[in-house]
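The primary structure of each chain is shown beneath.
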Amino acid sequence: MARLVIVSNRVPPPHTRGAQAGGLAVALKDALRRREAMWFGWSGELADPPGAPHSVTVGRHRYVTLDLTPDEERLYYTGYSNGTLWPMLHYRVGLLEFRREEEEAWRAVNERFARRLLPLLRPDDIIWVHDFHLIPLLRSLRDLGAQQRLGFFLHVPFPPPALFAALPRSEALLRDLGAADLIGMQTQGDAMHLSAALAEFGIETPVGAYPVGIDTAGFSRTAATALTKRETTRLIASLEGRSLILGVDRLDYSKGLPHRLRGYGALLRRFPEHRKRVTFLQTAPVSRGQVAQYRALRRELDELVGRINGEHAEFDWMPLRWLTRPLARSLLAGFLRHARVGLVTPLRDGMNLVAKEFVASQDPEDPGVLVLSRFAGAAAELSGALLVNPHDPEDITEALHQALTMPLAERRERWQGDWQALSNPPGGNWAQAFLERLMRN
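Residues numbered from 1 in each chain as written. Predicted model: local features only at pLDDT ≥ 70, side-chain atom pairs only at ≥ 80, totals over all residues. Heavy atoms only, no water.

Trainee: What's the story with helix H17 (residues 430-440) in this structure? I'm lost.
Mentor: One turn of an α-helix holds 3.6 residues; hence residues three or four places apart share an orientation. Here H17 has its buried residues at Trp430, Ala431, Phe434, Leu435 and Leu438. Down the axis of H17, the smallest arc covering the buried residues is 125°, so these residues share one side. You can read the cap of H17 off the contacts: a side-chain oxygen lies 3.0 Å from the backbone nitrogen of Ala431, and it is on Asn429. (Buried < 20%, exposed > 50% of the residue type's maximum accessible area, 1.4 Å probe, protein only. Helix = DSSP H or I, 4+ residues; strand = E, 2+ residues; numbered from the N terminus. Arc of directions from axis to C-beta. Polar contact = N/O pair within 3.5 Å; in protein donor to acceptor, adjacent residues only side chain to side chain.)

This is the structure in C-alpha cells:
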C-alpha cells in the first residue's frame, strides 16, 4: 500500500491526547491506523531563522514539522489565513481585511513548505493537503516537478462564486486549486459553489462532497464510560437535578455565540417555567486571540454572560456557566451524554463534529435533543435535530423551549433516525472514499 502523506497547517504531536487533540487528528485517525504515513506541516513554534525540519518517527508514522519566523506567523497565519481567508470562506466579507504583504507572505511560506517537502517524497506517495492555509502548496509542488497523486480537502465552507469574487486576486487562488487531482468538500452545496467558481476560469479539477464522520459506536462507548468519571459526576451533582443545555465551540465569530446567548436569555424571560430548572454550560476555548475581531468578540461575550447572570441568577442558581479554557475530549463526552439539549448554532460551518458527537453520546433510552443551525454542514445528515436560523435569537429561544418540553417518545424517534444516519453514512468512511476516488482520477 502506498504511503499517505498528510500536509496540514499544524501537525499533531505524536501520542496527543485529550484537549490537545485537534479535529483533523481525530477525523483522520482511521485513515492512518493501518498504513504507513508521513504528516508534514508547521510545528506551532517560532524561530528566526527557522532552521531545518524536525522529524519524529513513531511506529509506521513520521511527523515532520517546520518552524515559522515571527513575521511569517504574523503575516501568513494571523494575517492572510485568519484575517482574509477565514472570513471570506465563512461569508463574512465585512470582516475581511486584505493586504498584499500578507498574501505574498502566505504564498512564500507555502513555497518554502513545498521545497522542504519535495525531497522527502517517494514516487508512489499519495499526497493529501488539508485546508485553506496551504492552497498555494498545490501549485508549488507541481511547479517543482511533483508527479504524485495530489488531493486537497477544504474543511470549511466555500461561498457562491459571486461572493468569492470579492476576494482580491481570487483567480490566482482558484488556479492553485486547479493543480490538485481531486478536491473534497464537506457538503454538496459547498462542492457546487467551488465547482462553479473553477468553471468560470476553465479549471476542470473534479470536486466532490465527502462529509467527515466520526466513530459513532466508539464515541458512544467513550461517553457512557465518561458519565461515571469523577468530573462528570461533579458536574451532575452541581446541577441539583436541573436540565443541562450544553454548547461546545471554539471562541470564534463563525460560531454565533452572541446570538446563542441572547436566545438563552430570551428563553428565561419568555418561558419563566424554565427558571431554576435549567443550566446552560458553554465552553469556548480562546482561539486566534491575537486577531482584533476575536478580542472584541471575547469582550462582547464576557459582557453578555455577566448581563444574563446578573438579570436572572438567584442566590442558589447560576443560569449560565461560561468556560474559556479547553476541556479534554473524553471529559466533554460525559458532559454530552448527560445534556438534555445540545446547542450547536454556528452562523456558518463546514461540518461541525460536535453535533455528531452529541447524537453519538446519547442514552438510547432517554436521549437529549439537538438544536442545530441549518447552516452547519451536519444539518444535511441530522434530520432529527431542531433546525434553527442562528441569526434569529428568538428562533433559538423557541427551539430550546421545544427541546426542553419534548416528550420522550419524540426524543427517541428523532435520535434513532440520526443514530442510523451516523452509523451507516451513504459514503461510508469519508477518508477512504476520498482516497479511493483520488486513486481513480
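Trainee: Is there a simple way to explain the packing of aromatic side chains in this structure?
Mentor: We describe a pair of aromatic rings using the distance from one ring centre to the other and the angle between the two ring planes. Taken as a whole and judged by the stated rule, the model has 15 aromatic pairs. Aromatic side chains Tyr80 and Trp106 sit 4.6 Å apart centroid to centroid with 40° between the ring planes, which places their arrangement in the tilted category. Note that Tyr80 is positioned in helix H3 (residues 70-89) and Trp106 in helix H4 (residues 100-117), a separation of 26 residues in sequence. On the basis of relative accessible area, Tyr80 is assigned to the buried category, the value being 1%. (Phe/Tyr/Trp six-rings, centres within 6.5 Å; stacked < 30°, edge-to-face > 60°.)

Trainee: Before we go on, may I ask you to explain the sheet that holds strand E5 (residues 126-130) in this structure?
Mentor: Across the sheet, which stays open at both edges, the eight strands sit in the order E3-E4-E2-E1-E5-E6-E7-E8 with mixed pairing between neighbours. The sheet terminates laterally at strand E3 (54-58) and strand E8 (207-209), the two strands that pair on one side only. Strand-to-strand twist of the sheet, defined as the mean angle between neighbouring strand axes without regard to direction, takes the value 20°. Pairing geometry for strand E7 (residues 182-185) and E8, over three bridges, is parallel. From the neighbouring strand, Ile183 faces E8, where its bridge partner is Val207. Sheet strands in contact with H4 are strand E1 (4-10), strand E2 (37-46) and strand E4 (61-68), and its direction is about 145° off that of E4. Contacts from helix H8 (residues 188-199) reach E7 and E8, with the element oriented near 170° to E8. (Pairing = 2+ DSSP bridges. Axes fitted to C-alpha atoms, helices over the stretch in contact; angles between N-to-C directions. Contact = heavy atoms within 4.5 Å.)

Trainee: Help me out: how do you make sense of unusual backbone geometry in this one?
Mentor: Excluding glycine, a negative phi dihedral is what most residues carry, and trans is how most peptide bonds are arranged. Geometrically, the link from Asp48 to Pro49 is a cis peptide bond, its omega value of 5° lying close to zero. Within the secondary structure, Pro49 sits in the loop between E2 and E3. Positive phi, normally seen in glycine, also occurs at Tyr91, with a value near 70°. For Tyr91, the position within the fold is in the loop between H3 and H4. In the Ramachandran plot, Arg169 falls in the positive-phi region, its phi being about 60° despite a non-glycine side chain. Within the secondary structure, Arg169 sits in the loop between helix H6 (161-164) and helix H7 (170-177).

Trainee: Just to check I follow, could you spell out the packing of H4 against helix H5 (residues 135-143) for this structure?
Mentor: For any two helices packed against each other, the geometry is given by the interaxial angle and the distance between the axes. Where H4 contacts H5, the two axes come as close as 8 Å, and the packing angle between them is 50°. The angle between H4 and H5 falls in the class oblique. The chirality of how H4 crosses H5 is right-handed. Within the contact between the two elements, H4 uses Trp106, Arg107, Asn110, Glu111, Phe113, Ala114 and Leu117 and H5 uses Ile135, Pro136, Leu137, Ser140 and Leu141. Here the contact of H4 with H5 is built from residues that sort into eight nonpolar, two polar and two charged. (Parallel < 35°, antiparallel > 145°, perpendicular 65-115°, else oblique. Left-handed = near helix turned anticlockwise from the far one by under 90°. Nonpolar A, V, L, I, M, F, W, Y, C, P; charged D, E, K, R; others polar.)

Trainee: How should I be thinking about the sheet that holds strand E11 (residues 320-323) in this particular structure?
Mentor: Across a sheet, strands are paired by hydrogen bonds formed along the backbone, either parallel or antiparallel in direction. If you walk across this open sheet you meet the six strands as E11-E10-E9-E12-E13-E14, and the pairing is parallel. Edge positions in the sheet fall to E11 and strand E14 (386-388), since each has one partner strand and no second. The average angle at which neighbouring strand axes cross in this sheet is 20°, direction not considered. Summarising the sheet, strand E9 (residues 243-248) and strand E12 (residues 341-344) pair through two bridges and their orientation is parallel. Across the sheet, Leu246 pairs through a bridge with Gly342, a residue of E12. Its contacts with the sheet place helix H15 (residues 393-404) against E9, strand E10 (278-283), E12, strand E13 (369-373) and E14, and it is angled at close to 170° to E14.

Trainee: Would you mind going over empty space enclosed by the protein with me for this structure?
Mentor: One way to see where empty space is left: roll a probe the size of a water molecule over the atoms. Applying the stated rule across the entire model yields one cavity of 30 Å³ or more. What lines the largest cavity is Phe358, Val359, Gly368, Val369, Leu370, Gly384, Arg411, Arg414, Trp415 and Asp418. Within the residue set of the lining of the largest cavity, elements represented by two or more residues are helix H14 (353-361), E13 and helix H16 (408-423). Here the lining of the largest cavity gets four residues from one element, more than from any other, and that element is H16. In the lining of the largest cavity, the residues fall into five nonpolar, two polar and three charged. (1 Å grid on protein atoms, 1.4 Å probe; cavity = no way out; pocket = protein on both sides within 12 Å on 5 of 7 lines; lining within 4 Å. Points joined across faces, edges and corners; volume = space filled by probe spheres on them.)

Trainee: Please explain the side chain of His155 as it appears in this structure.
Mentor: Considering the arrangement of structural elements, one finds His155 in the loop between strand E6 (149-153) and H6. Separated by 2.9 Å, the side chains of His155 and His130 make a polar contact. Non-local contacts of His155, meaning those with residues more than four positions away in its chain, are made with Leu24, His130, Asp131, Gln186, Val212, Gly350, Met351 and Trp430.

Trainee: Can you walk me through the environment of Glu200 in this structure?
Mentor: When you line up the elements, Glu200 lands in the loop between H8 and E8. C-alpha separation for the pair Glu200 and Pro161, spaced 39 residues apart in sequence, amounts to 8.7 Å.

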